Amino acid sequence: MGVQPGNEVIVPAWTFHATASPLFQLGAVPVLCETLPDGNIDPARVAELITPRTRALMVTHLWGKPADMADLTGLARDRGLDLLEDGSHAHGASHGGQKVGTFGLARAFSLNGPKPLSGGEGGFVLTDDADTYYRILTFAHYNKRARNEIPEPHPLARYAVTGAGLKLRIHPLAAALAHDQLARLDACLAGREEISAHLIRGLGRIPGLEVTPLPEGVKSSWYALPSPTGPTS
Ligand SMILES: Cc1ncc(COP(=O)(O)O)c(C=O)c1O
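Residues numbered from 1 in each chain as written. Predicted model: local features only at pLDDT ≥ 70, side-chain atom pairs only at ≥ 80, totals over all residues.

Asks: Break down the overall build of the protein chain for me, with residues and values.
Replies: What the protein chain contains, in helices and strands, is 6 helices and 9 strands. Taking the principal axes of its C-alpha atoms as reference, the protein chain extends roughly 60 × 45 × 30 Å. The 233 residues of the protein chain split such that 36% are buried. (Helix = DSSP H or I, 4+ residues; strand = E, 2+ residues; numbered from the N terminus. Buried ≥ 20, exposed ≤ 12 C-beta atoms within 10 Å, placed from the backbone.)

Asks: I'd like a description of the sheet that holds strand 6 (residues 98-99), backed by residues and values.
Replies: Pairing is antiparallel in the open sheet, where 3 strands are placed in the order 6-5-9. In this open sheet, the two strands that pair with only one neighbour each are strand 6 and strand 9 (218-219). (Pairing = 2+ DSSP bridges.)

Asks: Summarise the nonpolar core; cite the residues concerned and give the values.
Replies: Ranked by size, the top nonpolar core spans 22 residues in total, and within it Ile10, Leu57, Met58 and Leu83 carry the most contacts. Elements supplying a minimum of two residues to this core: strand 1 (8-12), strand 2 (29-33), strand 3 (54-60), helix 2 (69-78) and strand 4 (82-86). In terms of residue count, strand 3 provides more of this core than any other element does, 4 residues in total. Among residues more than four places away in sequence, those in contact with Leu83 are Leu57, Val59, Leu72, Thr73, Ala76, Phe103, Gly104 and Leu105. (Core = buried A, V, L, I, M, F, W, Y, C linked by C-beta atoms within 7 Å. Contact = placed C-beta atoms within 7 Å.)

Asks: Go over the sheet that holds strand 2 with me, naming the residues and quoting the values.
Replies: Strand order in the open sheet formed by 6 strands is 2-1-3-4-7-8, with mixed pairing between adjacent strands. Taken across any chain shown, the strands that pair with only one partner, and hence form the sheet edges, are strand 2 and strand 8 (123-127). Going across the sheet, the axis of each strand differs from the next one's by a mean of 20°, ignoring polarity. (Axes fitted to C-alpha atoms, helices over the stretch in contact; angles between N-to-C directions.)

Asks: Got a sec to walk through the pairing of strand 3? Specific residues and values, please.
Replies: Burial analysis of strand 3 places 5 of its 7 residues in the buried class, the great majority of the element. Direction of pairing for strand 1 relative to strand 3: parallel, over a ladder of 3 bridges. Among the inter-strand pairings, Glu8 is bridged to a residue of strand 3, identified as Thr54. Note: strand 3 against strand 4, 5 bridges, orientation parallel. Paired with Met58 across the strands is Leu84, a residue of strand 4. Read from strand 3 through helix 2 to strand 4, the crossover connection turns out right-handed. (Right-handed = clockwise from strand over helix to strand, strands pointing away.)

Asks: Kindly report on the environment of Asp128, identifying the contributing residues and their values.
Replies: In this fold, Asp128 is placed in the loop between strand 8 and helix 3 (130-140). On the neighbour-count criterion, Asp128 (9 C-beta atoms within 10 Å) is exposed. Considering only alpha carbons, one finds Asp128 and Thr102, 26 residues apart in sequence, at a separation of 8.9 Å.

Asks: Explain unusual backbone geometry to me, and be specific about the residues and the numbers.
Replies: The backbone of Asn143 shows a phi angle near 70°, a positive value even though the residue is not glycine. In this model, Trp222 sits at a positive phi of 55°, which is unusual for a non-glycine residue. Structurally, Trp222 can be placed in the segment after strand 9.

Asks: Got a sec to walk through helix 2? Specific residues and values, please.
Replies: Among all positions of helix 2, only Met69, Leu72 and Ala76 are buried. When helix 2 is viewed along its axis, its buried side chains cluster within an angular range of 70° and face the same direction. Helix 2 presents Gly74, Arg77 and Asp78 as exposed residues on the side facing more than 90 degrees away from its buried surface. The inward-facing, buried residues of helix 2 contact helix 1 (43-49), strand 3, strand 4 and strand 5 (94-95). Of the residues one or two after helix 2, Gly80 is the one with positive phi, at around 70°. (Arc of directions from axis to C-beta.)

None of the figures reported here should be taken as evidence of function without further support.
Spelled out as structure tokens, the structure:
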């Protein structure tokens, strides 16, 4: 999304490193923001970290529990920042009836290994912004979709054959595996919800263990059970 060398991007201090580490490829600066007890980025602390160099805000929905998207989208809009989601733990989760992966400018989802939706490896990006989509094609789908889909007058059309020097597209077999599972995702999440409710009831009887409650209107993908001291599964 046009991050330039020296730009700052606010990222959660607690996440898998891959939420932030691609910024080093761009010469951009990850600015680590404190998280709430559930592991999600703290909107109040984000506001304190915004500088004239801040370009974007990156949100991970840690362990599948959606971050507070009402506050975060409002903050990004008011401060002129692009909002990006890392939905790698949270396929199918929702906040206020809105699915994770539909907020902000663009969203990345891993399909690696044990993710709620898995292709074994690989991942995908969602965006409804044409310019961002053409950039993604340039990094991932040069010579194929880039040639077919980037319109001739667009400045990136001249790179449709060569791309940007990297080839980041998903292996088609992984895409096919994940696509096939997509139809079963909701049923799978309902199963996870049932198992999680059982675990939460049991864990609630053990002194010293606490599972962060889900606020009204928030649906998790239950990638793990967030507790104020770390994931319990
Ligand atoms: C929050 C988060 N973001 C990004 C990634 C990176 O995904 P991948 O392994 O598909 O590159 C992971 C992987 O575990 C993750 O947990």
